[in-house]
Amino acid sequence: PFAVVAGLLFALLALPTHLVLFSGQPGYQSLPELGYGTLAYLVVAKWVALVIALGAGWRGGPVFPLFFSISAAAVLVADGLGLEADIVMVAGTAAVSAVFLKGRIAAAFVLTMYVAPPSYAVVILIGAAGAAAALALAGSAHLLPPEPATADEPSGDPAGSP
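Predicted model, so just to flag it, every value in this text is computed and none were measured.

**Q** Tell me about helix α2 (residues 36-55), residues and numbers included.
**A** Compared with the 28 Å implied by 1.5 Å per residue over 20 residues, the 29 Å span of α2 between its first and last C-alpha is a close match. Three or more residues of α2 are buried, namely L39, L42, V43, A45, K46, A49, L50, I52 and A53. Tucked into the core, α2 has its buried residues touching α1 (2-13) and α3 (63-81). One or two positions beyond α2, positive phi appears at G57, with a value near 80 degrees.

**Q** Explain the packing of helix α4 (residues 85-100) against helix α6 (residues 121-140) to me, using residue names and the numbers behind them.
**A** Each pair of packed helices can be summarised by the angle the axes make with each other and by the distance between the axes. Taken N-terminus to C-terminus, the directions of α4 and α6 make an angle of 45 degrees; their axes are 7 Å apart at the nearest point. Taken together, the axis directions place α4 and α6 in an arrangement best described as oblique. Crossing angle aside, the handedness with which α4 passes α6 is right-handed. Contacts from I87, V90, A91, A94, A95, A98 and V99 of α4 reach α6 at V123, I124, G127, A128, A131, A132 and L135. The residue makeup of the contact of α4 with α6, split by class, is 13 nonpolar, 1 polar and no charged.

**Q** Explain the packing of aromatic side chains to me, using residue names and the numbers behind them.
**A** Enumeration over the complete set of coordinates arrives at 3 aromatic pairs. Here the aromatic rings of F64 and F67 are separated by 5.5 Å at their centres, their planes lie at 85 degrees, and the arrangement is edge-to-face. With F64 and F67 both in helix α3, this residue pair falls 3 residues apart, about one helical turn. Accessibility expressed as a relative area gives 23% for F64, which makes it partly exposed. We classify F67 as buried; its relative accessible area is 1%. One aromatic cluster in this structure is built from F64, F67 and Y114.

**Q** Residues and numbers for the nonpolar core, please.
**A** Core analysis: the biggest nonpolar cluster contains 40 residues, and V20, L31, L42 and V90 have the highest contact counts within it. For this core, the secondary-structure elements that each account for two or more residues are α1, α2, α3, α4, α5 (105-112) and α6.

Rules behind the numbers
Residues numbered from 1 in each chain as written. Predicted model: local features only at pLDDT ≥ 70, side-chain atom pairs only at ≥ 80, totals over all residues. Heavy atoms only, no water. Helix = DSSP H or I, 4+ residues; strand = E, 2+ residues; numbered from the N terminus. Expected span 1.5 Å × (residues − 1). Buried < 20%, exposed > 50% of the residue type's maximum accessible area, 1.4 Å probe, protein only. Contact = heavy atoms within 4.5 Å. Axes fitted to C-alpha atoms, helices over the stretch in contact; angles between N-to-C directions. Parallel < 35°, antiparallel > 145°, perpendicular 65-115°, else oblique. Left-handed = near helix turned anticlockwise from the far one by under 90°. Nonpolar A, V, L, I, M, F, W, Y, C, P; charged D, E, K, R; others polar. Phe/Tyr/Trp six-rings, centres within 6.5 Å; stacked < 30°, edge-to-face > 60°. Core = buried A, V, L, I, M, F, W, Y, C linked by side-chain atoms within 4.5 Å.

Next up, the structure:
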């Protein structure tokens, strides 16, 4: 029953635009051509659709839907600031990659190359490095939640007492 309800919610989210229904790769380059209302809707709807999909246990991951969502937001920001949309989209995608990969700039560069051509290498590096720096600052200021303990790590007192 939960999957049926999730499917219905997903379908309702897609009524204004079919771009909500897939991970985003096919529509990524068409984002600069969309209107402000559609872009704003996609920013929110892709996040909501992702939460529904993950909550319902559907296959797939968050990377490409979030690339799409951040890119829709980037087009809005770029237009508001008079910047080139493609540059802000790629920088935003690189920043999301760096956050997913916990500040690993080289890995974020490779992940971003799935949606951006090599001609944007400098933009990718700047976006990934900026996000990595923000993560480091947020971590040192204790603004991020602690990492959960893994099976390899002992839990309890860091001094090692029982």
